[in-house]
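Spelled out, the chains give:
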Amino acid sequence: MTAPSDDRHAFRDVGPVQSLRTPSFEFAEVTRHADLAEHDRRLDELARRAHTAPVADRLLELSAVAPDTLQEMSLVIGDDGEDLLEDGRANAHAGEYGTALELLTEYLRGRPGHQEARYLRAFCMYRLDGQDRVEALRILRPLRDEPMEDGLREQVRELRRELRRLLTPLEVGAYARTARSDPRSALERAEAFLELAPEEGSLSCLVALGQARGGALDQALETATRGAAEADVDREQVSALARRLLLPYLRPAAAQAVAAFKARNPRLARAELTRMESRWRRSAVIEDFDAYLALCVTGWTGASPPAPRLPDDRADDVYSLIAESDGQSAAALMQAGLAEAAEQVLARVLPLVPGFRWLNFLYAACLLRLGRDPERAAACAEIAERDATIAQAGELLAAIRGWQEATVINPAVDEYVAAMKSVSGGASSDSLARLRTRLTVLRQGLPTLRAAALSEQGRQVVGELEKAIGQRLSEVEGAMVVADLYAGYDAAMAPVQGGLTDIAAADRLARSLDDLATRIKDKRRAAGKGTGQDQLGNLAELVSARLAELDRVRTGLLVSDLVKRFNDLAQPPGQPGFSDLPPAVAGFLQSQRPDPYTLRTRLSGIRDEARGLRRNHRKTLAARETELLDELIATISKVLG
């Protein structure tokens, strides 16, 4: 009797779990300040501001100067031309700005320096709209610096402020339209307008950056320095730019002091600063550096010096004075593909300037490229992101966040894929147990993966992995039940691998298979529609087939047993094999033969069993077995008469 079984489980497809893809990052930034990227960023910012700022709707907000105010601002000039000035005032008050402009223009031919008349002329041009507003600002420009009465000074200041508000966005827009196609002409126009409106700090920044981009670093420094002194709008921005533009001049002058600081000798560094030329020594950056060195003299106790007690932008300038050249060297190494060498440069200098945002940016990019220390890289990128001038800082931080996720999530995904690949050819009981252990460990680590998932993509990958693990574990549990039942089937069939030779063995196998069929039925009922129903159904069919086969084999054994019992009774002493025995043995066997009455009784019993077998096992009897039974019944009946 054969006993084929297959307890290997093939897993159904539940969809692949993909690894988390790390965002790509290409390092591009070498220089930081006063370069093309900074100029274009500032230009885009000002262009957006100019595009969204309301202009036309606010033209009427500045009301005309009241007559009594005009009288108070009037200067005593005698009779000559007094009527022109009076008429000009009256028409300006009445809103007759064209007439007033003609009268005031005529009056100023004789008295070109008259401050009130110049102001009134500019005011009329402002009210008349059009290109004359630029001329009005030009008229008011000298008045900005001339001594005058407080009332008139305030009026001049207010009118200039309004004209700047109206005209600056237009000039920025004109610059933006032509700066890339004709940078020289665009810059010349912006420079000319800045002469009329030096209070516009953002415009000073833009012009200085444009000059620096064109290589005129001295002119750019002069523009930014002047803007820092004269701006009343965005002064902080232009002051910061002036300091940065001065840094290339300060670095060689402060080289000895910086070298002493890098040697962790702030006292010597301060002494070196006293030897600098006074024109550099009086600069804001050097003064801040000196104050920082004084702090380091008493406060530097660890590997890194204390943080400067300065605003962020000024602290960044001090850091730049110290380590900008190191950063440029590291950036050049990175762009040359020498990230390992760049990391060594940065690792050596960064502890001296831990708050230097640009150097943190470079170090974070370097660690990302080397695939090293994601936590440190993220911390550095977070510092770098605080500097708005580092255009790639946000992109870098996003890439590192993705890298951090991947270093935690992808090994779990890889382990899941490897675990499932280990049973790709089918799973035995032992391999299912190992798979369950691996999947259980993965499920226990899911809270850590969820905490590490910082992006939407990361959360999606963890969710897919969690779902797949749950489905697989459920399937494994069902498969292990099936495997256990298959093992029971194999255990029952193992003793009969060579075939059944007696009825007792057949009865034992029948009892084992009946018990297994009951267990299969119970498991199928408990599993409902869950995992393993197909395998349980297959095993149930296999057991049923074996029971049916066993029934046929058992019937055949019964037939053979009846035939053998008959032959043992019916064989006379003279049959071959009997007479050849030694006389003593033949005599003994002859003495063991039953008496005639007992012989008839036994033959009758064999015939009755044969008839019952013929009657009750009609469906399981083979044709040859049926023929044997019929012959046996007929022979015994003939013997018994």
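Everything here concerns the structure above.
Parameters at a glance
One numbering rule holds for all chains: residues counted from 1, following each sequence as written. Only residues with pLDDT of at least 70 get local features here, since the model is predicted, and only at 80 or more are side-chain atom pairs given and counted; chain-wide, interface and lining totals rely on the full set of residues. Calculation of side-chain values draws on the structure's entire complement of heavy atoms; hydrogens and water are dropped beforehand. Secondary structure elements are defined from DSSP: runs of H or I of at least 4 residues count as helices, runs of E of at least 2 residues count as strands, and each element is numbered from the N terminus. The cut-offs for exposure are 20% and 50% of the maximum accessible area for each residue type, with area from a 1.4 Å probe on protein chains only; residues under the lower value are buried, those over the upper are exposed, and the others partly exposed. In this analysis, two residues are considered to be in contact whenever any of their non-hydrogen atoms come within 4.5 Å of each other. Stacked, edge-to-face and tilted are the three classes for Phe, Tyr and Trp ring pairs, Trp counted by its six-membered ring, which pair at centre distances within 6.5 Å; planes under 30 degrees apart are stacked, over 60 edge-to-face, the rest tilted. We call a set of buried residues a nonpolar core when its members are Ala, Val, Leu, Ile, Met, Phe, Trp, Tyr or Cys and they connect through side-chain atoms within 4.5 Å of each other. For helices, the fitted axis covers only the stretch in contact; all axes are lines through C-alpha atoms, and the angles between them, taken along N-to-C directions, range from 0 to 180 degrees. Oblique is the label for every angle not falling under 35 degrees (roughly parallel), over 145 degrees (roughly antiparallel), or within 65 to 115 degrees (roughly perpendicular). Left-handed describes a crossing in which the near helix is turned anticlockwise from the far one by less than a right angle; the clockwise case is right-handed. Think of it as three bins: nonpolar holds Ala, Val, Leu, Ile, Met, Phe, Trp, Tyr, Cys and Pro, charged holds Asp, Glu, Lys and Arg, and polar takes everything else, Gly as well. How far a helix is expected to stretch is found by multiplying one less than its residue total by 1.5 Å. Polar contact is defined as a pair of N or O atoms within 3.5 Å, subject to the rule that within protein one atom must be able to donate a hydrogen and the other to accept it, and that residues adjacent in sequence are counted only when both atoms are side-chain atoms.

*Asks:* Tell me about the overall build of the protein, and name the residues and values.
*Replies:* When you go through the protein residue by residue, the secondary structure sums to 28 helices and 0 strands. Expressed as a percentage of the 641 residues in the protein, the buried residues total 45%. Long-range pairs, those at least 24 residues apart, make up 71% of the contacts in the protein with a sequence separation of at least 6.

*Asks:* Could you give an account of the packing of aromatic side chains, with specific residues and numbers?
*Replies:* Two aromatic rings are characterised by how far apart their centres lie and by the angle between their planes. The full count for this structure, using the stated rule, is 8 aromatic pairs. Centroid distance Phe123 to Tyr126: 6.0 Å. Interplanar angle 50°. Geometry classified as tilted. Here Phe123 pairs with Tyr126, and both are found in helix 5 (residues 115-128), just 3 residues apart, close to one helical turn. Residues Phe123 and Tyr126 agree in their burial class; the two are buried. Judged by centre distance (6.2 Å) and plane angle (20°), the rings of Tyr249 and Trp280 are stacked. With Tyr249 in helix 11 (residues 235-253) and Trp280 in helix 14 (residues 278-281), this residue pair connects regions lying 31 residues apart in the sequence.

*Asks:* Before we move on, can you summarise the nonpolar core with the specific residues and values?
*Replies:* Among the nonpolar cores identified, the biggest contains 73 residues, and Phe261, Phe289, Tyr292, Leu321, Ile322, Leu359 and Ile400 are the most heavily contacted of them. Here this core gets 10 residues from one element, more than from any other, and that element is helix 18 (residues 357-370). Membership of the second largest hydrophobic core comes to 42 residues, among which are Leu101, Tyr107, Ala122 and Tyr126.

*Asks:* Quick rundown of the side chain of Asp326? Include the residues and the values.
*Replies:* By the secondary structure assignment, Asp326 is in helix 16 (residues 312-335). Here Asp326 falls in the buried class, since its relative accessible area comes to 17%. Leave out the neighbours within four places in its chain, and Asp326 touches Lys262, Val345 and Val349.

*Asks:* Give a description of the packing of helix 21 (residues 429-444) against helix 23 (residues 456-493) that names residues and reports values.
*Replies:* One way to put it is that helix 21 packs onto helix 23 with a least axis distance of 10 Å and a crossing angle of 155°. The angle between helix 21 and helix 23 places the two elements in the roughly antiparallel class. Here helix 21 runs over helix 23; the crossing is left-handed. Counted together, Ser429, Leu432, Ala433, Leu435, Arg436, Leu439, Thr440, Leu442 and Arg443 of helix 21 and Ile469, Arg472, Leu473, Val476, Glu477, Ala479, Met480 and Ala483 of helix 23 form the full contact between these two elements. Its residues placed into classes, the contact of helix 21 with helix 23 shows 11 nonpolar, 2 polar and 4 charged.

*Asks:* I'd like to hear about helix 24 (residues 503-527), residue by residue, with values.
*Replies:* Three or four residues apart is the spacing at which side chains of an α-helix point the same way, because the helix has 3.6 residues per turn. Here helix 24 spans 36 Å end to end across 25 residues, near enough to the 36 Å set by a 1.5 Å rise per residue. Taken together, the buried positions of helix 24 are occupied by Ala505, Ala506, Leu509, Ala510, Leu513, Leu516 and Ile520. The backbone nitrogen of Ala504 has a side-chain oxygen 3.1 Å away, supplied by the residue at the start of helix 24, namely Asp502.

Purely spatial values, then, with no claim about function.
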